[in-house]
Amino acid sequence: MKPVLELIDVTRRFGGLTAVNTVSTCVPVGEVRGIIGPNGAGKTTLLNLIGGQLRPSSGQIIFDGADVTGQRTDIRASKGISRTFQNLKLFRDMTVLKNVMIGLHGGTYAEAMQALLRNPRQRREEDYILQNSRRALKTVGLEGYESQLAASLAYGHRRLLEIARAIVSSPKLLLLDEPAAGLNIREAANLVQLIQQISARGITEILVEHHIDVVMTACQRITVLNYGRLLAEGSPEEIRNHPDVIEAYLGRGDIHAQVMANA
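From a predicted model like this one, the values you see are computed outputs, not experimental measurements.

*Asks:* Talk me through the sheet that holds strand 3 (residues 32-36); I want residue IDs and the actual numbers.
*Replies:* In space, the 6 strands of this open sheet follow the order 6-7-8-3-9-10, with mixed pairing throughout. Two strands bound the open sheet, and with one partner strand each, they are strand 6 (81-83) and strand 10 (229-234). If you compare each strand with its neighbour and ignore which way they point, the axes differ by 20 degrees on average. For strand 7 (residues 173-177) and strand 8 (residues 204-208), the ladder comprises 5 bridges, and the chain directions are parallel. Looking across to strand 8, one finds that Asp-177 is bridged to Val-208. Each of strand 6 and strand 7 touches helix 6 (residues 155-167); the most contacted strand, strand 7, lies at about 160 degrees to it. Against the sheet, helix 7 (residues 185-200) touches strand 3, strand 7 and strand 8, its axis set at about 150 degrees to strand 8.

If you want it as structure tokens, here you go:
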């Protein structure tokens, strides 16, 4: 299957610290890929390298057949890479609907004068943004919340709002940075269903997550990082029983216990 993303010996150094060390992997179109590892393993750094928030010290990042290694975040976004963040980046004093609409304004073409005059082209773009934003809210389960301020939403709903804004542009690749953080068991289970629903629309997803039950249920393949290096890669079943993964997490208690609990 054709890869939508290929990493070739990607490395990122911060001074004398190598946060990501010669990581190579391919993510096929439509796959839900999980990235796990202990704190400091390089998971979010790798996601930032893919999204363009960081530049690699060496290596290549190939997206949709093109080398995007040196390209800015906005250029990658225009090509179809979208993401959420571990720390929510919402406009708290704007409505839920307007927060999602922002996710489409970067791709509109009406000029300032057209917007002032509200000519047909501007009205068509406005209708397009509104309809797609409402559709994205319905997808994540926030239909009916359009007029509420983002700050008034419960924490789990704010997580969903950020996902709605990320998918409104129908990206080719969606990067999710710990979307289950702070969610209860029921909310986490609903998140798994949402991830699978997004995948069914043909959107490839890469998920960094500490909730191993979410990763094991939602992902087709899992990449395991340890001290910035690729430790293992395979299906959830293969990772659950991988000797190097088990050895790496023995004594850590957290991830090892969760992996074994899902056996």
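*Asks:* Go over the packing of helix 5 (residues 120-140) against helix 6 with me, naming the residues and quoting the values.
*Replies:* Interaxial distance between helix 5 and helix 6 falls to 9 Å at its minimum, and their mutual angle equals 135 degrees. As far as their axial angle goes, helix 6 and helix 5 are oblique. As helix 5 packs across helix 6, the resulting crossing turns out to be right-handed. Contacts between helix 5 and helix 6 involve Ala-136, Leu-137, Thr-139 and Val-140 from the first element and Leu-160, Leu-161, Ile-163, Ala-164 and Ile-167 from the second.

Cut-offs and rules
Residues numbered from 1 in each chain as written. Predicted model: local features only at pLDDT ≥ 70, side-chain atom pairs only at ≥ 80, totals over all residues. Heavy atoms only, no water. Pairing = 2+ DSSP bridges. Helix = DSSP H or I, 4+ residues; strand = E, 2+ residues; numbered from the N terminus. Axes fitted to C-alpha atoms, helices over the stretch in contact; angles between N-to-C directions. Contact = heavy atoms within 4.5 Å. Parallel < 35°, antiparallel > 145°, perpendicular 65-115°, else oblique. Left-handed = near helix turned anticlockwise from the far one by under 90°.

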